[in-house]
Amino acid sequence: MTQDNIPLALPDLLGNEEAYVCEAIKSTMISSSGRFVRQFEQDFSSLCGCNSAIGVSNGTVALHLALLGLNVGPGDEVIVPSLTYVATANAVKYVGAEPVFVDIDTDNWCIDPRRLALALTSRTKGIIAVHLYGHPADMDEINKFAEEHDLWVVEDAAEAHTALYKGRPVGGLGQAATFSFYGNKILTSGEGGAVTTSDRELESRMRLLGGQGMSLTQRYYFPVTGYNFRLSNIACAFLCAQLERADTIVKTRRRIFGWYQERLNGIPGIGLQPVCHWATPAPWLFCITVAADHYGHDRNHLMTHLADKGIETRPFFRPLHEMPPFCDQGRKVELPVTVAVSKAGVCLPCYTTLGESSVDRITEIIKAYHS
Ligand SMILES: Cc1ncc(COP(=O)(O)O)c(C=O)c1O
């Protein structure tokens, strides 16, 4: 008997997504104003424990808008981790600034606050702390360093909706935070994003810049050169339905994480994502590391083996400081933890309809391949 392929990620569309999208269509409000935009922005800011959320077209644009809002520009430097999706560093380039890479903490795979000082120069303006693979970065330590050096902090929470840092939701822990609602994320609208902030002045500046630069009080008066970063009422309708079920979606994914943890624990050479005692990570993709000397095969061989059996996986991000757009910045960058974790890491499937028998199948294959 052939078994079904198991994809890496699938969206959960089991709530009011279709009903609300139809309502948006019937209302004719299909562009970027309408009741769902207002509702989404209100509900999402509550989820993040902050004053405002601005819907934007994707998570990359959210980062770009946050940096524009914070007046980052040519000559500035922004400290970022190298183990992240390329958008984190690309956004810094979009505004003409330079990303400066810092290594990650072995305890949580996020930027290591103890190493921030190594990257500090007179041009440093801020830090983008990525909550990598759902685990929050150590925000108190990062904010402390930022305050001491008069820097801002942006959270890149693209992969971490609903994660808690010391009991506080991500999204309200820096000057601004950014989210992605791409199809593989915990909450999705296919494409979509948001910036959250509690700073009213920053909010107004971001609304101005992301809304074509049109004055918020005078129609067709453009005091600045802006961008069209808006999110549609249709996408927001989708997101309102997702937010209604956020608790259920997260609980279901946590149950799947529990199945993986039980079954993978103790396999020689297989490491689980580290979790700090102060963190409640968001259950995004299930991350493991492979130590070839103990497991008997390296990460790439395990991925190929799983692919042969119909199971989709994905390698961890490759270090950005080794990529052509970023590697020739005239600085010698050595980030040993980033390089080691990147080489060893693999993401396993996680989506709400992934059953226990599928997790059994995936983990049995991983167990049996150990030699
Ligand atoms: C850490 C991180 N930042 C930014 C983004 C960009 O989001 P989007 O794909 O919605 O542009 C992603 C997307 O996956 C991400 O993982």
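Note: the structure precedes this text.
Computed from a prediction, not measured in an experiment: that's the story for all the values here.

Draft legend 1. Spotlight on the sheet that holds strand 5 (residues 152-156). In space, the seven strands of this open sheet follow the order 1-9-8-5-4-2-3, with mixed pairing throughout. Two strands close off the open sheet at either side, each with one partner strand: strand 1 (52-56) and strand 3 (98-102). The average angle at which neighbouring strand axes cross in this sheet is 25 degrees, direction not considered. Pairing geometry for strand 4 (residues 124-130) and strand 5, over five bridges, is parallel. Across the sheet, residue Gly-126 finds its bridge partner in strand 5, namely Trp-152.

Draft legend 2. Summary view of the state of the cysteines. Under the definition given, this model contains zero disulfides. No disulfide involves Cys-22; its sulfur sits 15 Å from the nearest other cysteine sulfur, which is in Cys-240. Look at Cys-22 and you get partly exposed, because its relative accessible area is 32%.

Draft legend 3. Representation of the pattern of salt bridges within the structure. Taken as a whole and assessed by the stated rule, the structure comprises 17 salt bridges. In this structure, Lys-166 and Asp-140 form a salt bridge, with 3.0 Å as the shortest nitrogen-oxygen distance. Here Asp-140 lies in helix 5 (residues 139-148) and Lys-166 lies in the loop between strand 6 (164-165) and strand 7 (168-169), a separation of 26 residues in the sequence. The class for Lys-166 is partly exposed, based on a relative accessible area of 42%. For Glu-356, the salt bridge goes to Arg-263, with nearest N and O atoms at 2.7 Å.

Draft legend 4. Spotlight on the packing of aromatic side chains. With the rule as written, the count across this model stands at 17 aromatic pairs. An angle of 80 degrees between the planes, with centres 5.0 Å apart, marks the rings of Phe-257 and Phe-286 as edge-to-face. One end of the pair, Phe-257, is in helix 8 (residues 246-264); the other, Phe-286, is in strand 12 (residues 286-290), and 29 residues separate them in sequence. Phe-286 shares its class with Phe-257; the two are buried. Taken together through their ring pairs, the aromatic side chains of Tyr-85, Trp-109, Tyr-133, Trp-284, Phe-316 and Phe-317 make up a single cluster. Here Arg-35 stacks its cationic end above the ring of Tyr-20, 6.0 Å away from the centre of that ring.

Draft legend 5. Inspection of the side chain of Arg-253 at higher detail. Tracing the backbone through its elements, the reader meets Arg-253 in helix 8. For the buried Arg-253, no salt bridge exists, and the shortest N-O distance to an oppositely charged side chain is 7.3 Å, to Asp-12. Among all residues touching Arg-253, those that are not within four sequence positions of it are Ile-186, Pro-283, Trp-284, Leu-285, Cys-350, Tyr-351 and Thr-352.

Draft legend 6. A look at the pairing of strand 1. With respect to burial, strand 1 is a largely interior element, five of its five residues being buried. Neither face of strand 1 is left uncovered, since the one carrying Ser-52, Ile-54 and Val-56 and the one carrying Ala-53 and Gly-55 both have all their residues buried. Pairing between strand 1 and strand 9 (residues 193-197): five bridges, direction antiparallel. Counterpart to Gly-55 in the pairing with strand 9 is Ala-194.

What counts and what doesn't
- Residues numbered from 1 in each chain as written.
- Predicted model: local features only at pLDDT ≥ 70, side-chain atom pairs only at ≥ 80, totals over all residues.
- Heavy atoms only, no water.
- Pairing = 2+ DSSP bridges.
- Helix = DSSP H or I, 4+ residues; strand = E, 2+ residues; numbered from the N terminus.
- Axes fitted to C-alpha atoms, helices over the stretch in contact; angles between N-to-C directions.
- Disulfide = S-S within 2.5 Å.
- Buried < 20%, exposed > 50% of the residue type's maximum accessible area, 1.4 Å probe, protein only.
- Salt bridge = Lys/Arg side-chain N within 4 Å of Asp/Glu carboxyl O.
- Phe/Tyr/Trp six-rings, centres within 6.5 Å; stacked < 30°, edge-to-face > 60°.
- Lys NZ or Arg CZ within 6 Å of the ring centre and 35° of its normal.
- Lys, Arg positive; Asp, Glu negative; His and termini not counted.
- Contact = heavy atoms within 4.5 Å.

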